[in-house]
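Geometric and topological summary
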Amino acid sequence: MKTQTAMHYTHNYLINPANPITVNLIGAGGTGSRMLTELARISHSLIALGHPGLKVSLFDDDVVTKANQGRQLFADAEVGLPKAVALINRTNRFFGTSWKAVTEQFSTANRKSLPNRGRANLYISCVDTARARFDIADFLMSSENSDFERTKSLYWLDIGNSQNTGQAILSTISEIKQPDSKIHRTVPSLPMVTDEFKELLQMQHDNNEPSCSLAEALEKQDLFINSTLASMGASILWKLFREGMTAQRGLFLNLASLHAVPIVVG
């Protein structure tokens, strides 16, 4: 007897929404800045296909420094500006969007001051520390889910990396109703990174001290690790929108050996 392939079917609202899909992008560093561009490309393409597209809020309380230039593609004129503001202004001008910059941290501590109390359909975290990931998980699990589709929390994509390695992992925030299928074994829930890899994250030594120069920054993270992970993470989201299903919910990447290992659903 042939074994059925495990498959997660996308929540229908992502495919047929009445309004643009709301996205909270958390972190505007090396990966977050690249992910913003990938989200703009996704939104532009979805709109061309008759979809309402995306509405993104970018959360980051950091400012642009000289060390950010090159790896994060900030111009001389943007040094000293809030990262979120510089990136959102640039994206809005280029793509004609009206996305929002939020110059404060996304956390449980300031939930009440965040736009829509931090609610969105899709969360993408590009943060440096395990502590920040656990805080995001606490935020998502402790928030009362919205009855309004445009702020109903559905998915969390977490992306993290070291110098040459990294991962992108998609989770469901609550169980997603799956259609009946005779072909696939449907999977309604995808575990959170903070549950599945809890012990590894707890062992992680958090060190997000800022670099003083681009050369020092490149000692911590390779030039192309962030952009590669952002593109591969975005491709997972693109499959959710375009194919309505996915058999892979993430990947582990080793850029030094040019090796990627998919994480399968179920």
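Below is a short write-up of the structure. (Residues numbered from 1 in each chain as written. Predicted model: local features only at pLDDT ≥ 70, side-chain atom pairs only at ≥ 80, totals over all residues. Heavy atoms only, no water.)

Attention now moves to the overall build of the chain. The helix and strand tally for the chain stands at 8 helices and 11 strands. The globule rule puts the C-alpha radius of gyration for 266 residues at 18 Å, and the 18 Å found for the chain is close to it. Seen through its principal axes, the chain has C-alpha atoms that stretch 60 × 40 × 35 Å. Counting across all 266 residues of the chain, residues that qualify as buried make up 48%. Across the chain, contacts joining residues at least 24 apart in sequence account for 68% of those joining residues at least 6 apart. Carbon and sulfur atoms make up 52% of the accessible area of the chain, which amounts to about 13400 Å² in all. Charge centroids of the chain, computed over 26 positive and 25 negative side chains, lie 7 Å from each other. (Helix = DSSP H or I, 4+ residues; strand = E, 2+ residues; numbered from the N terminus. Rg over C-alpha atoms; globule rule 2.2 N^0.38 Å. Buried < 20%, exposed > 50% of the residue type's maximum accessible area, 1.4 Å probe, protein only. Contact = heavy atoms within 4.5 Å. Areas by Shrake-Rupley, 256 points an atom, 1.4 Å probe, with all protein chains shown as cover. Lys, Arg positive; Asp, Glu negative; His and termini not counted. Charge placed at Lys NZ, Arg CZ, Asp CG, Glu CD.)

What follows deals with the environment of Ile 263. Topologically, Ile 263 is positioned in strand 11 (residues 259-264). For the pair Ile 263 and Arg 150, spaced 113 residues apart in sequence, the C-alpha separation works out to 29 Å. Those residues in contact with Ile 263, other than ones at most four positions away along the chain, are Ala 168, Ile 169, Gln 248, Arg 249, Gly 250, Leu 251 and Phe 252.

Across the sheet, which stays open at both edges, the 8 strands sit in the order 4-3-2-5-6-7-10-11 with mixed pairing between neighbours. With partners counted over all chains shown, the strands left at the sheet margins are strand 4 (100-102) and strand 11, one partner each. For this sheet, the mean angle separating the axes of adjacent strands, direction not counted, is 15°. With 4 bridges connecting them, strand 5 (residues 122-125) and strand 6 (residues 155-161) associate as parallel partners. Across the sheet, Leu 122 pairs through a bridge with Tyr 155, a residue of strand 6. Taken strand by strand, helix 8 (residues 225-242) contacts strand 2 (21-26), strand 3 (54-59), strand 5, strand 6, strand 7 (165-172), strand 10 (248-254) and strand 11, and its axis lies near 165° from that of strand 10. (Pairing = 2+ DSSP bridges. Axes fitted to C-alpha atoms, helices over the stretch in contact; angles between N-to-C directions.)

What follows concerns helix 8. Between its first and last C-alpha, helix 8 extends 26 Å over 18 residues, near the 26 Å set by a 1.5 Å rise per residue. Among all positions in helix 8, only Ile 225, Asn 226, Ser 227, Leu 229, Ala 230, Gly 233, Ala 234, Ile 236, Leu 237, Leu 240 and Phe 241 are buried. Of the residues one or two after helix 8, Gly 244 is the one with positive phi, at around 75°. (Expected span 1.5 Å × (residues − 1).)

Close contact between helix 2 (residues 30-48) and helix 3 (residues 83-95) brings their axes to 11 Å; oriented N to C, the two are set at 25°. It follows that helix 2 is roughly parallel to helix 3 by the angle criterion. Note on packing geometry: the crossing formed by helix 2 with helix 3 is right-handed. Side by side, helix 2 and helix 3 meet where Ser 33, Leu 36, Ala 40, Arg 41 and His 44 of the first sit next to Leu 87, Ile 88, Thr 91 and Phe 95 of the second. Its residues assigned to classes, the contact of helix 2 with helix 3 comprises 5 nonpolar, 3 polar and 1 charged. (Parallel < 35°, antiparallel > 145°, perpendicular 65-115°, else oblique. Left-handed = near helix turned anticlockwise from the far one by under 90°. Nonpolar A, V, L, I, M, F, W, Y, C, P; charged D, E, K, R; others polar.)

Leu 25, Met 35, Leu 39, Leu 54, Ile 124 and Leu 237 are the most contacted members of the largest nonpolar core, which has 47 residues in total. The element contributing the most residues to this core is helix 8, with 8 residues. Contacts of Leu 39, omitting those with residues within four sequence positions, involve Val 23, Leu 25, Leu 54, Val 56, Trp 99, Ile 124 and Leu 237. The next biggest cluster of nonpolar side chains, apart from the first, holds 21 residues, and it includes Ile 26, Phe 59, Tyr 123 and Val 193. (Core = buried A, V, L, I, M, F, W, Y, C linked by side-chain atoms within 4.5 Å.)

Turning our eyes to something else, we now look at helix 3. In this model, helix 3 (13 residues) spans 18 Å end to end at C-alpha, consistent with the 18 Å of a helix rising 1.5 Å per residue. Turning to helix 3, its buried residues are Lys 83, Ala 84, Ala 86, Leu 87, Ile 88, Thr 91 and Asn 92. Where the residues of helix 3 are buried, they touch helix 2, strand 3 and strand 4. Trailing helix 3 by a residue or two, Gly 96 shows a phi angle of about 70°, which is positive.

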